[in-house]
Structure formats: C-alpha cells, structure tokens
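Remarks on the overall topology
Take a look at the letters that make up each chain.
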Amino acid sequence: MSVIDCVRVRHSYTPATPVLHDVDLAIGDGERVALLGRSGSGKSTLVRAMLALEPLASGAIHCDGRVVTPGPVRRLRWFRRLVQYVPQDPGATLDPQARVLDIVAEPLRRLCGVTDRARLTAAAATVLEAVGLPAALHTVRARDLSGGQAQRVAIARALAPEPRLLIADEPISGLDAPLRAHVIDALRHASASRGTALLLVTHDVSAAAALSDRIAVMHDGRIVEDRRTGDLLAAPDHPETRALLAAVPRFPA
Ligand SMILES: Nc1ncnc2c1ncn2[C@@H]1O[C@H](COP(=O)(O)OP(=O)(O)OP(=O)(O)O)[C@@H](O)[C@H]1O
Ligand SMILES: [Mg+2]
C-alpha cells in the first residue's frame, strides 16, 4: 500500500496561473523518491499540497488508504504523526527562543505522548547526533544557530517521531560538502534502519542519485518522467530530464 498517493492534483495560487496540472505521485512504504525539477517547476507547491497545507483546486491526497484532502484539516492528527516535513526554509519555522533539545523533543511529546523528561532528552540527543549536531549546541537557543545548524535541527525534529514518510524540501542545499554527506547518511540510515519512506525535493541531480530508488521529474507543474533512479540516469527519456542531467555548473576562471 502507498504511504501517500496524489491523485490528479491541481492547484492554482491565482485563477489565471495554474501551478500543478493533474499530478499523480505515489510513494510506497520504505520507498525513497526524489522530486527533481528546476526552480519554479512547482516542487514545493506539490509537497505543500500533499501535506494539506495548500487547498487543492481538484484531485485528492490519500495516506495509508485514508483520505487526507479534500476534508477538514483539523482532523489530521493521525496524518501529522505518520508524515513529517522539513520545509524549504526550516530556520524560519523554529521558535527563536526555544532550545535545540526542546525543539526536537516537542513532537515526541505532542505526537507520541512521551512525557518522561529524561527519555525525551535522551531521544532528542540521539537524533541530533545522527544529523551531526555537536552536543555543545544542544542547549543553545534557535536564534543563535547558523543556517546550516538550524537546517539540521529541523531534520532532527522531523525524524524524532519516527515517521512512516519524511518529506524534505531541499534539505541539503544550505550545507557545505561534509555536512551534506552527513545529512545524506542520516536520511539513508533512517530509511534503512526504520524503513522510513523519503520524499527528497531537490534540483540537485547528485543528491537525487545518492538518496533515491526512484526519481520523479517535475517540469512546469507536471511530472514528466517517473522511473527507477538507475534507469532514468542511464537513459533519460524526457527532454527536461536530459537538460537537468546535462546542466553542470560552470564558473568563470
Ligand atoms: N504563495 C504563492 N503565491 C503565488 N504564486 C506562488 C506562491 N508560491 C509559489 N508560487 C509560484 O508557483 C510556481 C511554483 O513555485 P514553487 O515554489 O512550487 O517552485 P519550486 O519548484 O519549489 O522552486 P524552487 O526550486 O525555487 O524552490 C512559481 O511560479 C512560483 O512563483
Ligand atoms: Mg521550492
């Protein structure tokens, strides 16, 4: 059964400019999918629609065989427990006054009912260690974190309640090369050890290659190709996929 299933999803911010056109995308249990596309292709809009954070013009989102949307968003506690999300600008979603350990412990308390202080702290520290955040930073306030540190705290917060699916929107784009490798390892580990399904949103082909079983390519609000990662990289079908694979950054000497 799919953890999440998008069925002919349409979305417009303004009536004149549709952003998503009949998008179908399903993610199976434990599957790792990369949503690859250039800037403005609609990747973040699609994940926000999948999370019922954007109303659909038409179509439906199902999770674990149940309807997520259309329907009342107030009744989605079960869904918020199963599907965790790291937004594209995660620093903005952290309470600046809150301390790192409390930020990561909070979903364990709210969604998993853990109340024991020592258990919360130990669980939060374990997951922070997995994303490479040194113990010295566990007690600092969010306002004092760098962008890359805040990004790893947001990933740790999303992994802490052991979701069935983690949706991460550009989770490594603000990180330097060693930290990228660390976060990719942490996501791989979550998927291998707990069977967490992943939806990795990225415009970076190498990140998609490193962390996915399947790549769905998005272009102008449509999924234009959706195949096994190895097959797609070896023989891209769609011109947009070929363009993305050929685009190697070039900098003047
Ligand atoms: N709140 C909004 N109101 C109006 N238009 C929006 C809004 N958010 C996004 N858009 C438009 O929708 C389109 C898709 O944007 P989206 O953020 O989904 O792209 P993306 O693929 O995530 O890009 P990036 O890789 O730069 O993050 C763009 O044309 C964008 O300008
Ligand atoms: Mg985006």
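Residues numbered from 1 in each chain as written. Chains lettered and ligands numbered in written order. Predicted model: local features only at pLDDT ≥ 70, side-chain atom pairs only at ≥ 80, totals over all residues. Heavy atoms only, no water.

1. A few points about the overall build of the protein
Helix and strand content of the protein: 9 helices and 10 strands. Relative to a compact globule of 253 residues, whose C-alpha radius of gyration would be 18 Å, the protein shows 18 Å and is just as compact. Summarising its shape, the C-alpha atoms of the protein cover approximately 55 × 50 × 35 Å along the three principal directions. Within the span of the protein, comprising 253 residues, buried residues form 47% of the whole. In the protein, once contacts between residues fewer than 6 apart in sequence are set aside, the share between residues at least 24 apart is 65%. Counting only carbon and sulfur atoms, one obtains 53% of the accessible surface of the protein, whose full area is about 11,800 Å². (Helix = DSSP H or I, 4+ residues; strand = E, 2+ residues; numbered from the N terminus. Rg over C-alpha atoms; globule rule 2.2 N^0.38 Å. Buried < 20%, exposed > 50% of the residue type's maximum accessible area, 1.4 Å probe, protein only. Contact = heavy atoms within 4.5 Å. Areas by Shrake-Rupley, 256 points an atom, 1.4 Å probe, with all protein chains shown as cover.)

2. Quick look at the sheet that holds strand β4 (residues 58-63)
Strands sit in the order β2-β1-β4-β5 across an open sheet of 4 strands; the sheet is antiparallel. Bordering the open sheet on either side are β2 (17-28) and β5 (66-69), each of which pairs with just one other strand. Sheet twist, expressed as the average angle between the axes of neighbouring strands with direction ignored, equals 30 degrees. Sheet analysis places strand β1 (residues 2-14) next to β2, joined by 8 bridges and oriented antiparallel. Counterpart to Ser12 in the pairing with β2 is Pro18. With respect to the sheet, helix α1 (residues 43-50) is in contact with β1, β2, β4 and β5, its orientation differing from that of β2 by roughly 60 degrees. (Pairing = 2+ DSSP bridges. Axes fitted to C-alpha atoms, helices over the stretch in contact; angles between N-to-C directions.)

3. Things to note about the sheet that holds strand β6 (residues 83-86)
The pairing of strands in a sheet happens through backbone hydrogen bonds and is either parallel or antiparallel. Taken in spatial order, the 6 strands make up an open sheet running β6-β7-β8-β3-β9-β10, and their pairing is mixed. Looking at strand neighbours, the two that pair on one side only are β6 and β10 (222-228), the edges of this open sheet. Averaged over all pairs of adjacent strands, the angle between strand axes in this sheet comes to 15 degrees, irrespective of strand direction. As paired elements, strand β3 (residues 32-37) and strand β9 (residues 214-219) share 5 bridges and run parallel to each other.

4. Some remarks on the layout of surface pockets
In this model, the largest pocket occupies a volume close to 340 Å³. Surrounding the largest pocket, 15 residues form its lining, Arg80, Val83, Gln84, Tyr85 and Arg110 being those nearest its centre. At the level of elements, β6, α3 (100-112) and α5 (147-159) are the ones that each hand at least two residues to the lining of the largest pocket. Among the elements that make up the lining of the largest pocket, the one with the highest residue count is β6 (4 residues). Across the lining of the largest pocket, the residue classes tally to 9 nonpolar, 2 polar and 4 charged. In this structure, the second largest pocket occupies an estimated 200 Å³ of space. Every residue lining the second largest pocket is listed: Leu108, Ala123, Thr126, Val127, Ala130, Leu159, Ala160, Glu162, Ala186, His189, Ala190 and Arg194. Here the lining of the second largest pocket is built from residues that sort into 8 nonpolar, 2 polar and 2 charged. (1 Å grid on protein atoms, 1.4 Å probe; cavity = no way out; pocket = protein on both sides within 12 Å on 5 of 7 lines; lining within 4 Å. Points joined across faces, edges and corners; volume = space filled by probe spheres on them. Nonpolar A, V, L, I, M, F, W, Y, C, P; charged D, E, K, R; others polar.)

5. Brief notes about the environment of Glu170
Secondary-structure assignment places Glu170 in the loop between β7 (165-169) and α6 (177-194). Among residues more than four places away in sequence, those in contact with Glu170 are Lys43, Gln88, Gln151, Val201, Thr202 and His203.

6. Description of the coordination of the magnesium ion (ligand 2)
Within the protein, the magnesium ion (ligand 2) binds to Ser44 (OG) and Gln88 (OE1); these donor distances fall in the range 2.0 to 2.2 Å. With Ser44 in helix α1 and Gln88 in the loop between β6 and α3, this pair connects stretches of sequence that are 44 residues apart. You can call Ser44 partly exposed: its relative accessible area is 21%. For Gln88, a relative accessible area of 43% gives the class partly exposed. (Donors = N, O, S within 2.8 Å, 3.2 Å for Na, K, Ca; no water.)

7. Digging into the environment of His203
Its place among the elements puts His203 in the loop between β8 (197-202) and α7 (205-211). Note: C-alpha distance between His203 and Met218 (15 residues apart in sequence) is 9.8 Å. Not counting residues up to four positions away in its chain, the partners in contact with His203 are Leu36, Gly37 and Glu170. At 2.9 Å, the side chain of His203 forms a polar contact with the side chain of Glu170. (Polar contact = N/O pair within 3.5 Å; in protein donor to acceptor, adjacent residues only side chain to side chain.)

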